[in-house]
Amino acid sequence: MKPAISPSRTQALPFLLAIGLTLPARSAGPALYVSNEVANTLSVISPQTNSVVATITVGKRPRGMAASPDRRTVYVALGQDDALGVIDVASGKMTRTIPVGRDPELVVLSPDGKVAYVSNEEIAHASAIDLATGKILFSTPVGVEPEGVGLSRDGKKLYVTAETNNTVSVVDTKTGQVLHTLHVGENPRTVAFTPDGSRAWVSAEAGGNVTLIDVASDSVLGQFPIRDGKTKPVRIAFSPDGRLAYLTEGAAASVSVVDVARQAVIDSVRVGRRPWGIALSPDGKRLYTADGRSNTVSVIDTEVRRVIMAIPVGERPNDLLYIP
């Protein structure tokens, strides 16, 4: 996971220029980034053509990703390098790495883009890193096997799931102190916030359910099942209007469509094998899933709720990041 654009594209550049053709600028138009955790690459998909336009070699076991507020930089958690890879969007290259502690799983950025927060799975910590200096601001013990990380809208609280403890730790982002420990479903994977920022949803893979948390009071409001409770829900995306939620279901090779107000599954869409990462276009018309065992990204038309294309990517796609 070190160089950048695939060698075949780089070697072809002189020929393309010689015949008067140019490669598309990577900064032009929207892009969907895919972390391929076995291939050790990021695939860059153009949502306009539904095709891979670049492959970026990064580091070992890329998983969660986050974009800077100006959309010029993508950060990817490199689980076996104990670092964040820093990707320059315009050039399509990994320019450096930032040490972030052992085994980073997922990453989120502060609202101003200056601090990265990661879940350090192997050491059961959550860490905050100053991106300008590389200084670790805090590394706080949380539950065993932390994975999901999410920030409250004001950036003051970090929510971290713990797969083994079945908890969510609420961490003060200034001090690193654990403010609350909330009990949720079995094997919690993801923390996702409703568009208005008032509720956090926590998916429980083994529990087959979602726990709702009130962000203002950090209290558990309730829990509801996803279908028969055996589909193993993982990642969550909300429609722009907040009326629907979409959940990837690894065991069922599908996505559940949830009516948020009713807290009930109203539909499901078959995708590739072991869907994990999920992303939604800003207009809500296209939904994407990273199908880990199929090595594809499924493209779903949300109006008709069916897959319209499966895009081949690298081995074991894990996370998705849509940059408008």
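Residue numbering note: each chain is counted from 1, following its sequence as written. Local features in this predicted model are restricted to residues whose pLDDT is 70 or higher, and side-chain atom pairs enter the listing and the counts only when it is 80 or higher, whereas totals over whole chains, interfaces and linings include all residues. To obtain the side-chain values, all non-hydrogen atoms of the structure were used and water was disregarded.

Caption draft 1: Fine view of the pattern of salt bridges. By definition, a salt bridge exists where a carboxyl oxygen of Asp or Glu is found within 4 Å of a side-chain nitrogen of Lys or Arg. What the rule picks out here adds up to 15 salt bridges. Asp214 is paired through a salt bridge with Arg199; the nearest N and O atoms lie 2.8 Å apart. Here the residue Asp214 occupies a position in strand β18 (residues 209-214), and Arg199 occupies one in strand β17 (residues 199-204), the gap between them amounting to 15 residues. Only protein chains enter the calculation, and the probe is 1.4 Å; a residue is then buried if its accessible area is under 20% of its type maximum, exposed if over 50%, and partly exposed in between. Using a relative accessible area of 30% as the deciding quantity, one classes Arg199 as partly exposed. The shortest N-O distance in the salt bridge between Arg235 and Asp319 comes to 3.1 Å. Strands are runs of DSSP state E lasting at least two residues, helices are runs of H or I lasting at least four, and both sets are numbered from the N terminus onward.

Caption draft 2: Structural detail: the sheet that holds strand β12 (residues 146-151). Two strands qualify as a pair provided that DSSP identifies no fewer than 2 bridges between them. Strands sit in the order β12-β13-β14-β15 across an open sheet of four strands; the sheet is antiparallel. At either end of the open sheet lies a strand with only one pairing partner, and these are β12 and β15 (178-183). Averaged over all pairs of adjacent strands, the angle between their axes in this sheet comes to 20°, without regard to strand direction. Every axis corresponds to a line fitted to the C-alpha atoms, with the helix fit spanning only the stretch in contact, and the corresponding angles, defined between N-to-C directions, vary from 0 to 180 degrees.

Caption draft 3: Here's a closer look at the confidence of the model for the chain. On average, residues of the chain score 92 in pLDDT, and 91% of them reach the 70 mark or higher. On a scale of 0 to 100, pLDDT captures the predictor's confidence in every residue. Contact definition: two residues touch when any of their heavy atoms are within 4.5 Å. Every residue in residues 1-27 is under pLDDT 50, and counting partners more than four places away or in other chains gives 44 contacts.

Caption draft 4: Quick peek at the packing of aromatic side chains. We call Phe, Tyr and Trp rings a pair once their centres come within 6.5 Å, taking the six-membered ring for Trp, and we label the pair stacked below 30 degrees between planes, edge-to-face above 60, and tilted otherwise. Tallied over the full model, the rule gives five aromatic pairs. Judged by centre distance (5.4 Å) and plane angle (75°), the ring pair of Trp201 and Phe224 falls under edge-to-face. Of the two residues, Trp201 sits in strand β17 while Phe224 sits in strand β19 (residues 219-225), which places them 23 residues apart along the sequence. Assessed through its relative accessible area of 1%, Trp201 is described here as buried. With 6.0 Å between their ring centres and 40° between their planes, Tyr288 and Tyr322 make a pair best called tilted. Highlighted residues: Tyr288 in strand β25 (residues 286-291) and Tyr322 in strand β28 (residues 317-323), separated in sequence by 34 residues. With respect to class, Tyr288 is no different from Tyr322; both count as buried. Members of the aromatic cluster, each reached through a chain of ring pairs, are Trp201, Phe224 and Phe238.

Caption draft 5: Molecular detail of unusual backbone geometry. Backbone geometry at Asn50 places phi at a positive 55°, although glycine is not the residue there. Its place among the elements puts Asn50 in the loop between β2 (41-46) and β3 (51-57). Positive phi, close to 60°, is recorded for Lys232, a residue that is not glycine. Tracing the chain through its elements places Lys232 in the loop between β19 and β20 (233-238). Under the relative-accessibility criterion, Lys232 is labelled partly exposed at 34%.

Caption draft 6: How the structure looks around the nonpolar core. In terms of nonpolar packing, the biggest core is built from 16 residues, with Tyr33, Leu42, Ile56, Val58, Met65, Val74 and Ile87 touching the most fellow members. For this core, the secondary structure elements donating two or more residues are β1 (31-36), β2, β3, β5 (73-78) and β28. Residue contributions to this core peak at three residues, all from β5. Take the buried Ala, Val, Leu, Ile, Met, Phe, Trp, Tyr and Cys residues and link them wherever side-chain atoms come within 4.5 Å; each set so joined is a nonpolar core.

Caption draft 7: Inspection of the pairing of β3 at higher detail. Across six bridges, β2 lies against β3 in antiparallel orientation. Pairing of Val44 across the sheet is with Ala54, part of β3. Hairpin connection from β2 to β3: four residues lie between these consecutive antiparallel strands, with Asn50 at a positive phi of about 55°.

Caption draft 8: Local environment of the environment of Val38. Within the secondary structure layout, Val38 lies in the loop between β1 and β2. A relative accessible area of 38% means that Val38 is categorised as partly exposed. A C-alpha to C-alpha distance of 7.9 Å links Val38 and Gly314, two positions 276 residues apart in sequence. Leave out the neighbours within four places in its chain, and Val38 touches Glu315 and Arg316.

Caption draft 9: View of the side chain of Ser203. Among the structural elements, Ser203 can be located in strand β17. With residues up to four places along the chain from it excluded, the contact list for Ser203 reads Asn187, Pro188, Arg189, Thr190, Asn209, Val210, Pro233, Val234 and Ile236.

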